[in-house]
Amino acid sequence: MQRQQSASHFYWLIVLAAAYISWYFYYVVQYAVNIPYLDDYDAILNYILTFREINLGNQLKSLLLPHSEHIMIMTRVVSWVSYSLAGKIDFGNLLIIGNGLLVIQLAVLYRLFTPYNRFSVFYFLVVVLVFLNPQYSPTSFWAMALWSNIWVLLPVTLSIFLLSNPKKWYWALPAALLSLFSNGNGLMIWPVGFLILLLDKRSLNQHLVWISTAILACGVYFYLMRQQPSSGIFELSNLPFLPLNILAFLGSYGALLGGKLGQSMAVLVGIIVVVTSIFTFQKYLQTRERTDLILLSLMAFIFLTALAVALFRAEKGLSIIIGGRYRHYSSLAVAINFLMGFRLINFRLNRLIALVPWTIVIIITVLSFYRDIGLRKTTEWRTITDYYNILNNQLDV
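Here is what the cut-offs are and how they apply
Residues numbered from 1 in each chain as written. Predicted model: local features only at pLDDT ≥ 70, side-chain atom pairs only at ≥ 80, totals over all residues. Heavy atoms only, no water. Helix = DSSP H or I, 4+ residues; strand = E, 2+ residues; numbered from the N terminus. Rg over C-alpha atoms; globule rule 2.2 N^0.38 Å. Buried < 20%, exposed > 50% of the residue type's maximum accessible area, 1.4 Å probe, protein only. Areas by Shrake-Rupley, 256 points an atom, 1.4 Å probe, with all protein chains shown as cover. Contact = heavy atoms within 4.5 Å. Expected span 1.5 Å × (residues − 1). pLDDT = per-residue confidence, 0-100. Salt bridge = Lys/Arg side-chain N within 4 Å of Asp/Glu carboxyl O. Patch = residues over 30% accessible without salt bridge, like charges linked within 9 Å, V, L, I, M, F, W, Y side chains within 5 Å. Phe/Tyr/Trp six-rings, centres within 6.5 Å; stacked < 30°, edge-to-face > 60°. Core = buried A, V, L, I, M, F, W, Y, C linked by side-chain atoms within 4.5 Å. Axes fitted to C-alpha atoms, helices over the stretch in contact; angles between N-to-C directions. Parallel < 35°, antiparallel > 145°, perpendicular 65-115°, else oblique. Nonpolar A, V, L, I, M, F, W, Y, C, P; charged D, E, K, R; others polar.

Some remarks on the overall build of the protein chain
The helix and strand inventory of the protein chain stands at 18 helices and 2 strands. Here the protein chain has a C-alpha radius of gyration of 21 Å; the compact-globule value for 397 residues is 21 Å, and the two agree. For the C-alpha atoms alone, the extent of the protein chain along its principal axes is close to 65 × 55 × 45 Å. Relative to its full complement of 397 residues, the protein chain shows a buried share of 53%. Of the roughly 19,200 Å² of accessible surface on the protein chain, a fraction of 67% belongs to carbon and sulfur atoms.

As structure tokens, this is what we get:
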């Protein structure tokens, strides 16, 4: 009987998750514009135009050219692939295919979900709804950002999975290197990896290999960055509000309203994320379960990203911290928070209480699409206008 019920729950998970993911990609196809957006002109279009005529060796070197404060090897690679296959850059396809990265990350999260009697496999649908949403459409509909800011989650996650396995830890090194050269916050994989080795009480040899590789790789990274200095200026800002900015970054998924109320909601969700992570850390110290270590490591990566953004990108206060550009990290943090919660709660919840998170997540999901439609339309109009003015009037509005 229990096996039949479990099979039924899995069936409905597949059906509803497939329906929702199909709807999400229908939404992406509807609003994906085959026109460069913002930094796409320099990071992709001008890059291809500049380097398409040079020899293969220099083209390979160009993959590591910095753009602003990032080295974005995958953005460069997919640009070359698109140009090589079609003789042009199809930004619409880059967006549609790039959003598929989110589904891969979801599949990885499913590996970290263990159904229990109190939480059947159907509960993973909450994770799907939380992680895959249009709240971060300023990133997921921007080719350059999509193939750097969202792509970086995959090599980071792969590195964490491999490093948490004592028998395969060395394969985490190339994954970590790919993370480093995929996006600026890929740097965070090195301290996260050190944390894994420390918590898992690995040998001195593993520590030395990881640390020496990190020093060499980061040295190369900053050497490359110095060859083409960024036009951006990084200054510490809003330091008195650093804790609030970090919490707001972590919980921006819950900021559905504007103004102070939305900021307060983000901070509240951020507090819940931190508290759940602390309880999971305490649980890990007692049980030493690998799944908890992976969840904590993923959360540590998000924490360090939040710290960097709160230190160097908070010049306009909480409004930029909870903006859509970074909300994919918050969505991932809240999704991980649910996975942690499923593992922490060891008693059967009252049905009405269990219904509360479902209701909240469904409301947030519906309102997220409702709010984003206007943003997609205005962004589309602006993108087309910018492109027309650059093409015909040599202007960039």
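Quick word on the environment of Trp169
Its location among the elements puts Trp169 in the loop between α9 (153-163) and α10 (172-180). By relative accessible area, Trp169 is classed as buried at 10%. With 66 residues separating them along the chain, Trp169 and Val103 place their C-alpha atoms 25 Å apart. Residue contacts for Trp169: discarding those within four places in its chain leaves Leu162, Leu163, Arg202, Gln206 and Val209.

Observations regarding helix α15 (residues 290-312)
For α15, spanning 23 residues, the distance from its first C-alpha to its last is 33 Å, which sits close to the expected 33 Å at 1.5 Å a residue. Extensive coverage of α15 is indicated by the burial of 17 of its 23 residues.

Quick look at the confidence of the model for the protein chain
With 91% of its residues at a pLDDT of at least 70, the protein chain reaches an overall mean of 86. When the elements of the protein chain are averaged for pLDDT, helix α16 (residues 318-321) gives the smallest value, 75, and α9 the largest, 96.

Things to note about the pattern of salt bridges
Counted under the stated rule, the structure contains 6 salt bridges. Among the ionic pairs, Glu289 bridges to Arg343, the shortest N-O distance being 2.3 Å. You can see Glu289 sitting in the loop between α14 (259-287) and α15 and its partner Arg343 sitting in helix α17 (residues 327-344), a full 54 residues away along the chain. Between Arg376 and Asp372 there is a salt bridge, with the nearest N and O atoms lying 3.5 Å from each other. Pair noted here: Arg376 and Asp372 are both in helix α18 (residues 351-392), with a separation of 4 residues, about one helical turn. Taking relative accessible area as the criterion, Asp372 reaches 5% and is therefore assigned buried. Several salt bridges share partner residues, and in doing so they unite Lys283, Glu289, Asp292 and Arg343 into one network.

Some points on a nonpolar patch on the surface
Residues Tyr11, Trp12, Val15 and Leu16 make up a contiguous nonpolar surface patch of about 380 Å² in total accessible area. For Trp12, a relative accessible area of 43% gives the class partly exposed.

Some thoughts on the environment of Ile211
Relative to the helices and strands, Ile211 is located in helix α12 (residues 204-227). With a relative accessible area of 35%, Ile211 lands in the partly exposed category.

Thoughts on the packing of aromatic side chains
Applying the stated rule across the entire model yields 26 aromatic pairs. Consider the rings of Phe113 and Phe124, whose centres lie 5.7 Å apart with planes at 40 degrees: the pair is tilted. Here Phe124 lies in helix α6 (residues 124-131) and Phe113 lies in the loop between α5 (91-111) and α6, a separation of 11 residues in the sequence. The two residues Phe113 and Phe124 agree in class, both being buried. On the numbers, 5.9 Å between centres and 80 degrees between planes, the contact of Tyr123 with Phe342 is edge-to-face. With a gap of 219 residues between them, Tyr123 in the loop between α5 and α6 and Phe342 in helix α17 connect regions that are remote in the sequence. Neither Tyr123 nor Phe342 differs from the other in exposure class; each is buried. Through pairs of rings, three or more aromatic residues link up here, namely Tyr110, Phe113, Phe122, Tyr123, Phe124, Phe338, Phe342 and Trp358.

Details of the side chain of Lys283
By secondary structure assignment, the location of Lys283 is in helix α14. Every residue in contact with Lys283, bar those within four places of it in the chain, is listed here: Arg288, Glu289, Asp292, Arg343 and Leu344.

Let's talk about the nonpolar core
Leu109 and Trp190 are the most contacted members of the largest nonpolar core, which totals 130 residues. With 13 residues, the top contributor of residues to this core is α15. With residues near it in sequence (within four places) discarded, Trp190 still touches Leu173, Ala176, Leu177, Leu180, Trp210, Thr213, Ala214, Ala217 and Cys218.

Section: helix α2 (residues 40-51)
Here α2 is 12 residues long and its end C-alpha atoms lie 15 Å apart, about the 16 Å a rise of 1.5 Å per residue gives. Here α2 has its buried residues at Asp40, Tyr41, Ala43, Ile44, Tyr47, Ile48 and Phe51.

Describing the packing of helix α13 (residues 242-251) against α14
Where α13 meets α14, the closest approach of the two axes is 6 Å, and the angle between their N-to-C directions is 85 degrees. Between α13 and α14, the interaxial angle falls into the category roughly perpendicular. Packed against α13, whose contacting residues are Leu244, Leu247, Ala248, Leu250 and Gly251, the element α14 presents Met265, Ala266, Val267, Val269, Gly270, Ile271, Val273 and Val274 at the interface. Here the residues of the contact of α13 with α14 sort into 11 nonpolar, 2 polar and no charged.

Regarding the packing of α13 against α17
Contact geometry of α13 with α17 gives a least axis separation of 6 Å together with a crossing angle of 75 degrees. Here α13 is positioned roughly perpendicular relative to α17, judged by the angle of their axes. Residue-level contacts link Phe249, Leu250 and Gly251 of α13 to Tyr329, Ser330, Ala333 and Val334 of α17. Residue composition of the contact of α13 with α17, by class: 5 nonpolar, 2 polar and no charged.

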